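Residue-level structural notes
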Amino acid sequence: MKKRLAVAFTGPSNSGKTTLILKVARKLIHEHHLEVAIIKHDPKDKARFDVVGKDSYKFSDTGAEVIVTSPNRTTYFSHRHADLDEMIRMFRDFDILLVEGLKNLPLPRISIFRNSIDKDYFPYMNALAIDESIDIEKYTLPKDVDVLDLNDTDEVITWIQKNAKKV
């Protein structure tokens, strides 16, 4: 039986969310031998996953739900919003789900900052991952927020294993 734990990462653009998630995922997969699933939020709907002119683009452009399958991967193109439970069902088996963004999801959340901390994130964070560019003494953090070293992947993974939510 898979653990099926989930945790989310949030923070402003260029704070290091993707970099941290990549480091955590690689370590969980290659050193801890866990199956990892990742959901990335695209709030501005600007991500593009196919090339104009290719068959899969043409199929998706009709408005249809499209699955492209090959011996090595399956890609799903949808024109509908999916909630967390629907996305989890698509993944089927995983040990740990890492979510980038979607700050309103009811998941334990690590907020990532460099240079300064945006207090608007305080209601959504359970942990704060920062580097030496931030003087933590300048901030009054919410109670019970753990402070993590953004550059210590093992510390972040330990926090995830202790705090992730079963989904």
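So, here's what we can say about the structure. (Residues numbered from 1 in each chain as written. Predicted model: local features only at pLDDT ≥ 70, side-chain atom pairs only at ≥ 80, totals over all residues. Heavy atoms only, no water.)

Some details on the overall build of the protein chain
To keep things clear, this is the line we draw: Counting from the N terminus, the helices are DSSP H or I runs at least four residues long and the strands are E runs at least two residues long. For every residue, the accessible area (1.4 Å probe, protein chains only) is compared with the maximum for its type, and the residue is labelled buried under 20%, exposed over 50%, or partly exposed between those bounds. Every residue pair with non-hydrogen atoms within 4.5 Å of one another is taken to be in contact.
Along the backbone of the protein chain there are four helices and nine strands. N-terminal to C-terminal, the α/β element order of the protein chain is β-α-β-α-β-β-α-β-β-β-β-α-β. Taken along the three principal axes of its C-alpha coordinates, the protein chain extends 55 × 35 × 25 Å. Counting only residues that meet the buried cut, the protein chain has 39% of its 167 residues in that class. Across the protein chain, every contact between residues at least 6 apart in sequence was considered, and the portion connecting residues at least 24 apart equals 55%.

Structural notes on the pattern of salt bridges
The condition that has to hold: When a carboxyl oxygen of Asp or Glu lies within 4 Å of a side-chain nitrogen of Lys or Arg, that pair is called a salt bridge.
Inspection of every chain in the model, using the stated rule, returns four salt bridges. As a salt-bridge pair, Glu31 and Lys27 come within 3.5 Å of each other at their nearest N and O atoms. Given a relative accessible area of 52%, Glu31 falls into the exposed group. Between Arg114 and Asp131 there is a salt bridge; the shortest N-O distance is 2.6 Å. Placement of the pair is Arg114 in the loop between strand S6 (109-113) and strand S7 (127-130) and Asp131 in the loop between S7 and strand S8 (146-149), with a sequence separation of 17 residues. The class for Arg114 is partly exposed, based on a relative accessible area of 32%. Sharing partners across several salt bridges, the network here consists of Lys27, Glu31 and Asp154.

Remarks on helix H1 (residues 17-30)
Stated precisely, the cut-off is as follows: In this scheme, a helix's expected span is set at 1.5 Å multiplied by one less than its residue total. Directions pointing from the helix axis toward each C-beta atom define the arc.
The terminal C-alpha atoms of H1 lie 20 Å apart, and with 14 residues this matches the ideal 20 Å at 1.5 Å per residue to within 8%. Taken residue by residue, H1 has Lys17, Leu20, Ile21, Val24, Ala25, Lys27 and Leu28 as its buried positions. Relative to the axis of H1, the buried residues are bounded by an arc of 165 degrees and lie together on one face. Relative to its buried face, H1 has exposed residues pointing more than 90 degrees away, namely Arg26 and His30.

Overview of the packing of H1 against helix H4 (residues 153-163)
As a reminder of what qualifies: In this description, a line fitted to the C-alpha atoms serves as the axis of each element, helices being fitted only across the stretch in contact, and the angle between N-to-C directions of two axes falls anywhere from 0 to 180 degrees. Here roughly perpendicular refers to angles of 65 to 115 degrees, roughly parallel to angles under 35, roughly antiparallel to angles over 145, and oblique to all remaining angles. Three classes are used: nonpolar for Ala, Val, Leu, Ile, Met, Phe, Trp, Tyr, Cys and Pro, charged for Asp, Glu, Lys and Arg, and polar for all others, with Gly counted as polar.
Interaxial distance between H1 and H4 falls to 10 Å at its minimum, and their mutual angle equals 75 degrees. Taken together, the axes of H1 and H4 lie roughly perpendicular to each other. Two secondary-structure elements touch here, H1 through Leu20, Lys23, Val24, Lys27 and Leu28 and H4 through Thr153, Asp154, Val156, Ile157 and Ile160. Across the contact of H1 with H4, the residue classes break down as six nonpolar, one polar and three charged.

Points about the nonpolar core
It is characteristic of soluble globular proteins that their nonpolar side chains tend to be buried jointly. Which entries qualify depends on this criterion: In this description, a nonpolar core means a group of buried Ala, Val, Leu, Ile, Met, Phe, Trp, Tyr and Cys residues linked to one another through side-chain atoms lying within 4.5 Å.
Counting 22 residues, the largest nonpolar core has Phe9, Leu20, Val24, Leu98, Ile110, Val156 and Ile160 as its most contacted members. For this core, the elements supplying multiple residues, two or more each, are strand S1 (5-10), H1, strand S5 (96-100), S6, S7 and H4. Looking at this core, the element that brings in the most residues is H1, giving five residues.

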